[in-house]
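Now for the letters of each chain:
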Protein chains: 4
Amino acid sequence: MPLTMTQEVFITCAVTGSGSTQDRSPHVPRSPQQIADSAIAAAKAGAAIVHCHVRDPETGAPSRNVDHYREVTDRIRAAEVDVVLNLTAGMGGDLVFGDPESPLPLREDGTDMIGARARVAHVAECLPEICTLDCGTMNFAEADYVMTNTPGMLTAMGGMMTELGVKPEIEAFDTGHLWYAKQLVANGVLKAPALVQLCMGVPWGAPNDLNTFMAMVNNVPPDWTFSAFSLGRTQMAYVAAAVLAGGHVRVGLEDNLWLDKGVLAENWQLVERAASIIENMGARVIGPAEVRETLGLVKRAPAG
Amino acid sequence: MPLTMTQEVFITCAVTGSGSTQDRSPHVPRSPQQIADSAIAAAKAGAAIVHCHVRDPETGAPSRNVDHYREVTDRIRAAEVDVVLNLTAGMGGDLVFGDPESPLPLREDGTDMIGARARVAHVAECLPEICTLDCGTMNFAEADYVMTNTPGMLTAMGGMMTELGVKPEIEAFDTGHLWYAKQLVANGVLKAPALVQLCMGVPWGAPNDLNTFMAMVNNVPPDWTFSAFSLGRTQMAYVAAAVLAGGHVRVGLEDNLWLDKGVLAENWQLVERAASIIENMGARVIGPAEVRETLGLVKRAPAG
Amino acid sequence: MPLTMTQEVFITCAVTGSGSTQDRSPHVPRSPQQIADSAIAAAKAGAAIVHCHVRDPETGAPSRNVDHYREVTDRIRAAEVDVVLNLTAGMGGDLVFGDPESPLPLREDGTDMIGARARVAHVAECLPEICTLDCGTMNFAEADYVMTNTPGMLTAMGGMMTELGVKPEIEAFDTGHLWYAKQLVANGVLKAPALVQLCMGVPWGAPNDLNTFMAMVNNVPPDWTFSAFSLGRTQMAYVAAAVLAGGHVRVGLEDNLWLDKGVLAENWQLVERAASIIENMGARVIGPAEVRETLGLVKRAPAG
Amino acid sequence: MPLTMTQEVFITCAVTGSGSTQDRSPHVPRSPQQIADSAIAAAKAGAAIVHCHVRDPETGAPSRNVDHYREVTDRIRAAEVDVVLNLTAGMGGDLVFGDPESPLPLREDGTDMIGARARVAHVAECLPEICTLDCGTMNFAEADYVMTNTPGMLTAMGGMMTELGVKPEIEAFDTGHLWYAKQLVANGVLKAPALVQLCMGVPWGAPNDLNTFMAMVNNVPPDWTFSAFSLGRTQMAYVAAAVLAGGHVRVGLEDNLWLDKGVLAENWQLVERAASIIENMGARVIGPAEVRETLGLVKRAPAG
């Protein structure tokens, strides 16, 4: 009943994402080398985990290119700083509809819907310690784009992750996603205790007000580990919220481009600021070795 | 700060729905006449509002046939008992995917995705006092079926309802749907104060635990009117939950087939039981005239 | 995560209390025989537990007379209907202050503050299966009366109850009382799993709004058993609230005198109505044998 | 529905309190000069409000000496830094009981229960911009000490504060205290919008878990201003919690002696750390002029 704030907190840095942010800040890394460098700098600043997407090195457009993931992975594993690698498996579930009078056929421009095995191909190739599993379907952000992850797809992808020995980080964007995550565990697709990321304030998922957040936190099974984040100007506020509620934190350019009003951020700066909040609140920031112990992860050796 | 339970409660009876329940109970009405009769019996038992879908009279399969809606509407308006008519506009947004290795193309069997104007054609024809607006996209129930209502579609449909002078009942199946409902009001698509149905415990939307329910209730704007329901054996429990939280109630065969263990229900019996709970809790069940006053609805005359 | 409503619910009837209600309803029992008769009628109507205070048979004023408790106990144990006996130990902790400019000395009229052993004398004499332990100090209701139960007093009284083998029902009138109840268990004064009554809406303790109620429910240790009640016109609403939240229920004339607007209640009628709500919600009302099994109580034989 | 965190936050420094902390840290100020100096240093570090008790200059024991309050007030008003003065009115309501077998008579050692006018004498003398009003009665901390503020006393003291034109800061140590605060406003004793301090985690009041905190926050009327704090090692965590929930913050040696493990704090250091958390979360720390505007306070001129 006393405040159950986390005493030992890990920070995930979400390095680049798949959003169309690459032209809104020069700091959003595009090439595998830029992504790896930004991740490594974040690790040096205190991130125990780096969560990576890849992009087209030229245009910055989101990419599912396995070679890019390979390069990012190799560069991060070869770095002088230790860090837990977390690769997205969120891509390849995108639907974009026609206009309201003729929603079908799906728009070619934007729709990217592939099979389960293809969605985890880079995970099988790179064997990160963690990969994400977006645990539901919803209208996503402002465009008429649906993030689509059906029960059948989640069962297939989750099963593959479990077989590969890669820990899924379940992304719950609303209360129903968390409910289905528990169902995946109940069904034996995912192992307990699971790891879940509470993704707050992503339109049109769960809003980031504290009543909704606490309802989700109250529904995380006591033996699971959770982290939480929110977007934009509430990113740092959610560092505090997550720690207060007994969770871990995520920051980074995937979710927020700004350090201060008018000042574009670099990933390492966001990690440093998060660490400052955590430590000022009286908790301790832990590193990759302690994260592996907490989550039962096995460190992968660098290639070669 | 004292308990804000509703003192004057209206009951909606959801008469038949679109679920594949027609073979699981002989009481699920199929033909327009059966649906109207069941609705009228529910009204006599105390339902102020009847929420109707239509079905194929032979097979009981869900239908979007405008003639069936016309017949249901005319029969209900011609009945000797007054009741507020609420027609679904939930159909025509169904996606069913291929198996996880080849999710596209969409399955012909099950996918039913039409334009906004077609989705409200029966509403324009029948001009019910209320029609529903499912306010989001999500994995729905056990099959690999996605209930799809994108922002663009909701803006188009909501705008048509506002123009027709039909009050939308916003269906919020998760916290993000309620968020988007507020956005539709902020955008001027829907008028405030709005009417929202909190649909709890529908897999894979918001679970029906009380923490989640209260988070949603706390997020309903104070000037809106809300109702809430849950499914199956928790239907009657949610009658109590909704009243306690300051809302109104919905029961009926769309959401629950059972009166007691082993005893299949008729709609009027579910309404009677709900009324008994409400009255035993110390509140009063109100009728269609008071609902119209509360919600600013105009009674439609029976067809001439 | 699905609604955790109680499936098997016990009803406590709080038969008479110590409030100055005896002149406000002819049904408030005064004499030991009246109290026992009212308790027995409540048991026949479905109460598994009867919670009794005693009063002066003539004036109806609250009393701590051990002989009265003895008579109530004997009569209830000799009845043809089985019921679990719960005696108050709430009396003897009353402070009434002088006016605001001279709060001390305490007023003789109203102050009734005795030692721990005297407060449980009737419990030691009658050995009910349960007795109450008001777990804190607060301004109580409208008069300038303080219900006083200090940590030292609670430790002494709780220890005596544990020694006597009488199960304490912890009365938590606010969130801090529940916190201290856990401390009593942590200190070894009370045994886990404990039994707690969440007393909602008693001025000036916890208000009975659902957010406050859920905060208290979320703070009840998962292995404890809880019940909840509220006062007056919200008594029946809280039957529903308690069941929804996973607890048990209490009704009776101690907390509410009215059956309906303008209709004074008898205890058995309040129990019947509570049972109706519980059953209509789909739960089952259990009897004293099942309560004893659930709470680990040993049935006491009738005297003689 | 988006996170309603406070954008412009004021910090109150609770400089010394009345706890028996003076021998546990050399930084706890005792004499009026020490208290004023510590308050002034806190103001320079960013506190917009200083909340002061006085102590015996020699022993450090809590004191109600009006001359000491006068000196503290004069020194603070004469300082080169502007700050809003908040004096406690919490003393003079202390009861200490005899042992559990003979709780009465009250212990002379510890009991300090005086009339309403005497409790606000220093407020009338010094006319601070704010003074506190502890809004209830409860077991307080570990000793058998009851903090006693009955409805009659609160009505008398609150009325005097209103007459004096001193803004009461209502201290709510549990949910029932907040309820009674609303009653005081409803009764016309206090003016709306009121100012309330949510005092979390003080044994045996409201625990500081987030569910309880949010229940209290949800019960603060929307037009009121609130602040919140917790004790000891959770003091800085509650800086974040209060800002997240839409409130303001309080830190200082009254509530917490430690800066870091093994490092005793000074008041200005705690204020600096709170300011760092607030700013890192993306909010702004405001000063006394903005506080006066927000709360409708009138700046008092220095003496002479």
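Residues numbered from 1 in each chain as written. Chains lettered and ligands numbered in written order. Predicted model: local features only at pLDDT ≥ 70, side-chain atom pairs only at ≥ 80, totals over all residues. Heavy atoms only, no water.

In the nomenclature of an unreviewed UniProt entry, chain A corresponds to 3-keto-5-aminohexanoate cleavage protein from the organism Roseobacter sinensis. Quoted verbatim from the Cofactor (unreviewed entry) field of UniProt, the annotation for chain A is "Zn(2+)". (UniProt positions renumbered as here; feature names shortened; annotations may be inferred.)

Draft legend 1. Region of the structure containing the relation of the copies chain C and chain A. It takes a turn of 180 degrees to lay chain C on chain A, together with a shift of 0.0 Å along the axis; the resulting RMSD is 0.0 Å. What the superposition gives is, in effect, a two-fold axis relating one chain to the other. Distance from the rotation axis, computed per C-alpha, reaches its smallest value in chain C at Asn218(C): 4.2 Å. Taken together, the interface assignments show that 100% of the residues at the interface of chain C recur at the interface of chain A, consistent with an identical surface on both copies. (Least-squares fit on C-alpha atoms with pLDDT ≥ 70 in both. Contact = heavy atoms within 4.5 Å.)

Draft legend 2. Molecular detail of the packing of aromatic side chains. Across all of its chains, the model carries 20 aromatic pairs over all chains by this definition. Residues Phe140(C) and Tyr145(C) carry aromatic rings whose centres are separated by 5.7 Å and whose planes lie at 50 degrees to one another, so their mutual orientation is tilted. A relative accessible area of 21% means that Phe140(C) is categorised as partly exposed. Tyr145(C) sits in the partly exposed class, given a relative accessible area of 21%. Three or more aromatic residues joined by ring pairs form one cluster here, namely Phe140(A), Tyr145(A) and Phe173(A). The positively charged end of Arg250(A) is found above the aromatic ring belonging to Phe229(A), 4.0 Å away from the centroid. (Phe/Tyr/Trp six-rings, centres within 6.5 Å; stacked < 30°, edge-to-face > 60°. Buried < 20%, exposed > 50% of the residue type's maximum accessible area, 1.4 Å probe, protein only. Lys NZ or Arg CZ within 6 Å of the ring centre and 35° of its normal.)

Draft legend 3. Quick look at the sheet that holds strand 12 (residues 167-172) of chain C. All names here are of chain C. Pairing is parallel around the closed barrel formed by eight strands, whose spatial order is 2-3-6-9-12-13-14-15. Across the sheet, the axes of successive neighbouring strands diverge by a mean angle of 25 degrees, strand direction being ignored. Taken together, the four bridges between strand 3 (residues 49-52) and strand 6 (residues 84-87) define a ladder with parallel strand orientation. Considered in strand 6, the bridge of His51 is made with Asn86. Packed onto the sheet, helix 9 (residues 267-280) meets strand 2 (11-14) and strand 15 (248-251) and runs at close to 155 degrees relative to strand 2. (Pairing = 2+ DSSP bridges. Helix = DSSP H or I, 4+ residues; strand = E, 2+ residues; numbered from the N terminus. Axes fitted to C-alpha atoms, helices over the stretch in contact; angles between N-to-C directions.)

Draft legend 4. Region of the structure containing the interface of chain D and chain C. Facing 47 residues of chain D, the contacting portion of chain C comprises 47 residues. Of the roughly 3600 Å² buried where chain D meets chain C, counting both sides, 66% is carbon and sulfur surface. Contact with chain C buries area across many residues of chain D, yet Asn139(D), Trp179(D) and Trp204(D) alone supply 19% of it, more than any other trio. Our count for the contact surface shared by chain D and chain C stands at zero salt bridges. The tally of links between chain D and chain C comes to 20 residue pairs in polar contact (both at pLDDT 80 or more). Within the residue set of the side of chain D that touches chain C, elements represented by two or more residues are helix 3 (116-119), strand 10 (138-139), helix 5 (151-164), helix 6 (175-186) and helix 7 (210-218) of chain D. (Buried area = accessible area lost by both parts, 1.4 Å probe. Salt bridge = Lys/Arg side-chain N within 4 Å of Asp/Glu carboxyl O. Polar contact = N/O pair within 3.5 Å; in protein donor to acceptor, adjacent residues only side chain to side chain.)

Draft legend 5. Molecular detail of the side chain of Ser25(C). All names here are of chain C. In this structure, Ser25 sits in the loop between strand 2 and helix 1 (32-44). Residue class for Ser25 comes out buried when judged on its relative accessible area of 2%. Here the side chain of Ser25 touches His27 through a polar contact of 3.0 Å, landing on its backbone nitrogen. If we skip the residues at most four places from it in the chain, Ser25 touches Leu257 and Leu264.

Draft legend 6. Representation of the interface of chain C and chain A in the model. Taken together, the contacts link seven residues of chain C with seven residues of chain A. For the pair chain C and chain A, the summed buried surface comes to about 590 Å²; carbon and sulfur atoms form 70% of the total. Counting across the interface, chain C meets chain A through zero salt bridges. At the junction of chain C with chain A, the criterion picks out zero residue pairs in polar contact (both at pLDDT 80 or more).

Draft legend 7. Structural view of the environment of Gly296(C). All names here are of chain C. Its place among the elements puts Gly296 in the segment after helix 10 (288-295). On the accessibility criterion, Gly296 (59% relative accessible area) is exposed. When the C-alpha positions of Gly296 and Pro193 are compared, they lie 9.9 Å apart, and in sequence the two are 103 residues distant.

Draft legend 8. Structural view of the relation of the copies chain D and chain C. By a simple turn and slide, chain D fits onto chain C: the slide is 0.0 Å along the axis, the RMSD is 0.0 Å, and the turn is 180 degrees. With an isologous cut-off of 70% or more, the 100% of interface residues of chain D that recur at the interface of chain C puts this contact in the isologous class.

Draft legend 9. Structural context of the pattern of salt bridges. Counted under the stated rule, the structure contains 60 salt bridges over all chains. We note a salt bridge from Glu125(D) to Arg70(D), for which the minimum N-O separation is 3.0 Å. Here Arg70(D) lies in helix 2 (residues 66-77) and Glu125(D) lies in helix 4 (residues 121-126), a separation of 55 residues in the sequence. Notably, a salt bridge pairs Asp82(D) with Arg292(D), separated by 2.9 Å at the nearest N-O pair. Here Asp82(D), found in the loop between helix 2 and strand 6 (84-87), pairs with Arg292(D), found in helix 10 (residues 288-295); they are 210 residues apart in sequence, far enough to count as distant. You can call Arg292(D) buried: its relative accessible area is 9%. Beyond isolated ion pairs, a larger network of salt bridges with shared partners links Asp82(A), Glu129(A), Arg292(A) and Lys299(A).

Draft legend 10. Region of interest: the nonpolar core. Residues Leu198(B), Phe213(B), Leu198(C) and Phe213(C) are the most contacted members of the largest nonpolar core, which totals 184 residues. Residues contacting Leu198(C), with those up to four places away along its chain left out, are Ala172(C), Phe213(C), Met216(C), Val217(C), Val220(C), Phe226(C), Ser227(C), Ala228(C) and Phe229(C). Ranked by size, the runner-up nonpolar core spans 183 residues in total, among them Met5(A), Leu87(A), Val120(A) and Val217(D). (Core = buried A, V, L, I, M, F, W, Y, C linked by side-chain atoms within 4.5 Å.)

Draft legend 11. The arrangement of the environment of Leu154(C) in detail. Residue and element names in this part refer to chain C. Looking at where Leu154 falls in the secondary structure, it is placed in helix 5 (residues 151-164). Residue classification places Leu154 among the buried residues on the basis of a relative accessible area of 0%. Linking Leu154 and His248, residues 94 residues apart in sequence, is a C-alpha distance of 24 Å. Residues contacting Leu154, with those up to four places away along its chain left out, are Leu133, Asp134, Cys135, Gly136, Asn149, Gly159, Tyr180, Leu184 and Val189.

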